[in-house]
Each structure stands twice: as C-alpha cells, then as structure tokens.
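Descriptive analysis of the structure
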Amino acid sequence: MKKKMQIAFAGLGNRGKDAYLPAFMGLEDYDIEIAAIADIDSAKVQNVAEKYHLSADKCFDSAEALLEQPCLADAICIATMDKQHTKHILPALEKGYHVLLEKPISPVAEECREINRAAKQYGKKVVVCHVLRYTPFYKKLKEIISTGTIGDVVTMMGIENVGYYHQAHSFVRGNWANSDQTSPMILQKCCHDMDLYLWLANKSCKTVSSFGGIYFFDAAHKPDGATDRCMDGCKAKESCPFDAEKIYLHHYKIGVRNGYVGWPNEVLALHPTVESVTEAIKTGPYGKCVFACDNNVVDHQVVNLEMTDGSTMSFTMTGFTEHNSRYSKIMGTKGEIIADLNRKLITVNLFGQQPVVYDISKETENVSGHAGGDVGLVKEFVKYIVDDELSGGLTSLDASIESHYIALAAEKSRLNGGMPIQIDAMK
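Right, let's walk through the structure included here. (Residues numbered from 1 in each chain as written. Predicted model: local features only at pLDDT ≥ 70, side-chain atom pairs only at ≥ 80, totals over all residues. Heavy atoms only, no water.)

1. Side note on the side chain of Ser 328
Basically, it comes down to this: Secondary structure elements follow DSSP: runs of H or I of four or more residues count as helices, runs of E of two or more count as strands, with numbering from the N terminus. Pairs of residues are marked as contacts when any of their non-hydrogen atoms sit within 4.5 Å.
Residue position: Ser 328 is located in strand 11 (residues 325-332). Ignoring sequence-local partners within four residues, the contact set of Ser 328 consists of Met 157, Gly 158, Tyr 197, Ile 337, Ile 338 and Ala 339.

Structure representation (structure tokens):
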C-alpha cells in the first residue's frame, strides 16, 4: 500500500500551480492528497479545484484565510510573492505544517533568521526550492567534484544566462521587475546559483563584491516611434526583438502560434490560446514596451566571491543572451570541468589527458522543469516528510540562508560602488 501524504498549497501562480502541484500529483510511489488550496485569483482556484475534483471547503481566497484554519495537512507549499513569505510561513509553522517554500525565503536577512528560529522552535521541516540541486545534471557534477576527480577546487566561474525573453517577461514587464515590491534580481534569480556553487564545491563564502545595473531597459533607450504598448501602433516594432507579439505569439520555441502553451504563456492566460494571449498583450503588463515599464532591477550584474579557504569564484548574471540556461567552469589542482546546462554536457579535462564527456540528456528522461529539478525536489521533499529520509542533496534551511546572505551582500556591494562586504556582517 502506498504511503499517504496530505499537502496544502498557498499561492497558485506559475510555480505553485504549474510546477509543484503537478509534480506532487505525478508521484507514483506515494498517495498524495490535496488538502487545501488558496489564491487571491478566484479563476485559478476554480481551475485547480475542477482539475483535481476538490470540494468548496478545500478552497480559500487567500493564504491568510487558509492559515486561519486548524492544520489541514502534513505539509504546505508556500509559493506566494517574495515579501509575503514571512507572514505566511510563520503561522504555518505554528499551526504544525512542514513547509516547502519557494525561493527566496525573504528579501530581508532578519526575516530569514526569524523563519529559521521558528522552524527549530516548532520542530518543523522547511525546505527551500533551490531546485537545481535536484537535477540529474548537477547531481552528476556534484558526484564528479566530490570524488576528487579534479583535486581541490581553486577557482569557479559561473554565468546565469537569463535569456532576453525571460528578462523581458519576468524582470522588466513582470512580477519581479521592481525590487521595492519584490526582491533584488541577484536574490530572486540567482540565490539558486549562490546555493548551487557552494554546495557543489563544499565551500563557504567570506567576502563579496559586485557591480551591475540597468544598462538597456530604461526610457533613455526607447526607440523613435515606439509607443508605450507594443500593439498600439509602435513604429519600432519590426526591428525590436522584445516586441511582445514576437515573444508570446511567434517565437520559434515559446510562441503560442507554434503550439506552445507552457511558460511564459500560462502566466499571461489561464488557458493560453492565440486569442487569450493576444488579449493579455493588448491589456496587461506583458504588452508594455520594455522601455516604458516601472522596472528597477538590474539587467546585468557581476559578483566576486572570496571563500573562507582562499579559493575564489566569479559569477555573471545577464539578460542579454539567446538561451535561458547556465554555464560554468570549475578549476581544480588536477584538472577542470566545463558544465554546459543548455547542451546537457559535462566535460572533464584532467591535465595532460583526453577529455571525458558526460551527456546527461542520455542518462535521464526527465529534463523539463528546471532541467528536472522541480520533480526531483518534490520527490526528495515527500521522502523527507513521509519517510524521514534525508538525501545528500536536500538543502537545509541553514544552507539556504547562507545563499541569501551572499546575494544580499552582493546587492549591498553593488549599491555602494562594489565595496567588499563581509558575509559575517550580514548574519
């Protein structure tokens, strides 16, 4: 008989509704029951309720309303907006829920610490959705590094290729465009990377410095003849790669006219069609000119990290790439590793030897959803809650907070002209 677990969902946005909920319900080794759902968007609540045959008493119009009830499940997935996390997770822990928490934990360091204290006080398990740890690609990379194949890791280089369309969608037009309302870009997008590289190399960070800003997505770069909305007769439309119609309707990979109805189109419309996406472009935020938005997060940033053992790392985040992926080079005393997530290739070059190439696409079937990380995370979380089985990759809340300290230190450094920031000062 399959072991049973009850899960509640607070927040039915793209991560809650379209990523984690299907991952939970797709598990074959466990009997997963949806105990409750909550979102301020009634259409999303109704959609999920109909799809999974949930009765009205399991549906709530806000996370707050759900959390006013007695504990309804073994665990809750909190996927509300960044600045709402603290006011949702603290009552959840007090009620008795274990928690799967969408990153970032909070954009405020003290709130991260408060959540950690509460988890320990109530004896509850909290796992932050640093999904890259759970991908077949990075699990393999961790294995190679941990066995000492390239010796001691001395230097790391990483790049977050945000992708021009992802930058425009999420960080210029979308939910994370303005850090006053959400989080700094380096925290929201790249706490993944800060967590990942420290885990891969088994390192801790001592000092951070950073530079970056908005280079392109501002009013100064608005072309002649451009309108505030892409479909309002923009005369620069033909030559603009950020045109909303080009991205959401016609893009060869993600355009709804090409039959693609997943992210990002599922953010624009509950049921993406050419008609519904077109209407969203005409009337909603995703049809705004990228040079006429209220964005203030960076479109490029570099971060330098000095580790406690004297090794170093350089990291780049940029919105000016064709693909949305990651690339890294890890250099040790015996050799180097080149890890290309876009191509799913890990190349190991031991000094003076022929390279060894691992094609991860041939080693696993599931490389969707953050390269398989969404499903991998959910599987490990359920094992942790139901079987009390803690895998080697499952991140602790303490480890997740360290990545936040680094990201927040990087933002502080960036805002102060690249001034070096000691991580101990952030704690």
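There is more to say, and it comes next.
2. Regarding helix 6 (residues 136-146)
Inclusion rule: Burial classes follow relative accessibility: with a 1.4 Å probe on protein chains only, a residue under 20% of its type's maximum area counts as buried, one over 50% as exposed, and anything between as partly exposed.
Of all the positions in helix 6, only Phe 137, Tyr 138, Lys 140, Leu 141, Lys 142, Ile 144 and Ile 145 are classed as buried. For helix 6, the secondary structure elements touched by its buried residues are strand 7 (153-161), helix 9 (191-201), strand 11, strand 12 (335-340), strand 13 (345-350) and strand 14 (356-359).

3. Regarding the pairing of strand 12
Let me state the cut-off plainly: Only strands joined by at least two bridges in the DSSP assignment are considered to pair.
The element strand 12 is largely enclosed, with a buried count of five among its six residues. Strand direction decides the pairing type here: strand 11 and strand 12, joined by five bridges, are antiparallel. Each bridged residue has a counterpart across the sheet, and for Met 331 the counterpart in strand 12 is Glu 336. Following strand 11, the chain reverses through two residues before pairing antiparallel with strand 12. Of the strand pairs in this sheet, strand 12 and strand 13 are connected by six bridges, and their pairing is antiparallel.

4. Notes on the sheet that holds strand 2 (residues 30-38)
Across the sheet, which stays open at both edges, the six strands sit in the order 3-2-1-4-5-6 with parallel pairing between neighbours. On the outer flanks of this sheet lie strand 3 (59-60) and strand 6 (126-128), each paired with one strand and no other. As paired strands, strand 5 (residues 98-101) and strand 6 are joined by three bridges and run parallel to one another. The residue bridging Leu 101 from the neighbouring strand is Val 128, located in strand 6.

5. Quick notes on unusual backbone geometry
In this structure, the amide linkage connecting Lys 103 to the following residue, Pro 104, adopts the cis form with an omega of -5°. Looking at where Pro 104 falls in the secondary structure, it is placed in the loop between strand 5 and helix 5 (109-122). For the bond running from Trp 263 to Pro 264, omega is 5°, close enough to zero to count as cis. Although it is not a glycine, Asn 202 adopts a positive phi angle of roughly 55°. Residue placement: Asn 202 occurs in the loop between helix 9 and strand 8 (205-213).

6. Let's talk about empty space enclosed by the protein
Rolled over the atoms, a probe sized like a water molecule indicates the empty space that remains. This is how it is decided: Cavities and pockets are found on a 1 Å grid laid over the protein atoms alone: a cavity is a set of points where a 1.4 Å probe fits but cannot escape, a pocket is an open set with protein on both sides within 12 Å along at least five of seven lines, and a lining residue has an atom within 4 Å of such a point. Grid points are joined across faces, edges and corners, and a volume is the space filled by probe spheres set on the points. Lys, Arg, Asp and Glu make up the charged group, whereas Ala, Val, Leu, Ile, Met, Phe, Trp, Tyr, Cys and Pro make up the nonpolar group; the residues left over, Gly among them, are polar.
According to the stated counting rule, one finds two cavities of 30 Å³ or more in the structure shown. Put simply, the largest cavity is a space of about 90 Å³. A breakdown of the residues in the lining of the largest cavity according to their chemical character gives ten nonpolar, one polar and four charged. As for the second largest cavity, its lining consists of Ser 179, Pro 184, Met 185, Asn 296, Val 297, Val 298, Glu 411 and Arg 414. Looking at side-chain class alone, the lining of the second largest cavity contains four nonpolar, two polar and two charged residues.

7. Here's the deal with the packing of aromatic side chains
The cut-off we apply is this: Aromatic pairing here means that ring centres of Phe, Tyr or Trp (its six-membered ring) are within 6.5 Å. Orientation follows from the plane angle: under 30 degrees is stacked, over 60 is edge-to-face, and everything else is tilted. The rule for a charge over a ring is simple: NZ of Lys or CZ of Arg within 6 Å of the ring centre, and within 35 degrees of the ring normal.
Under the defined criterion, the tally for this structure stands at 14 aromatic pairs. Where Phe 217 meets Phe 242, the ring centres are 5.1 Å apart and the plane angle is 85°; that geometry is what we call edge-to-face. Placement of the pair is Phe 217 in the loop between strand 8 and helix 10 (244-250) and Phe 242 in the loop between strand 8 and helix 10, with a sequence separation of 25 residues. Through pairs of rings, three or more aromatic residues link up here, namely Tyr 164, Tyr 165, Phe 216, Phe 217, Phe 242, Trp 263, Phe 291 and Phe 320. Over the ring of Tyr 384 we find Lys 125, and its NZ or CZ is 4.6 Å from the ring centre.

8. With respect to the pattern of salt bridges
Going by this rule: Criterion for a salt bridge: a side-chain nitrogen of Lys or Arg within 4 Å of a carboxyl oxygen of Asp or Glu.
By the definition in use, this model includes 24 salt bridges. With its nearest N and O atoms 2.7 Å apart, the salt bridge here joins Lys 17 to Asp 18. Look at the salt bridges and you will find they share partners, linking Glu 160, Lys 189, Asp 193 and Arg 326 into a network.

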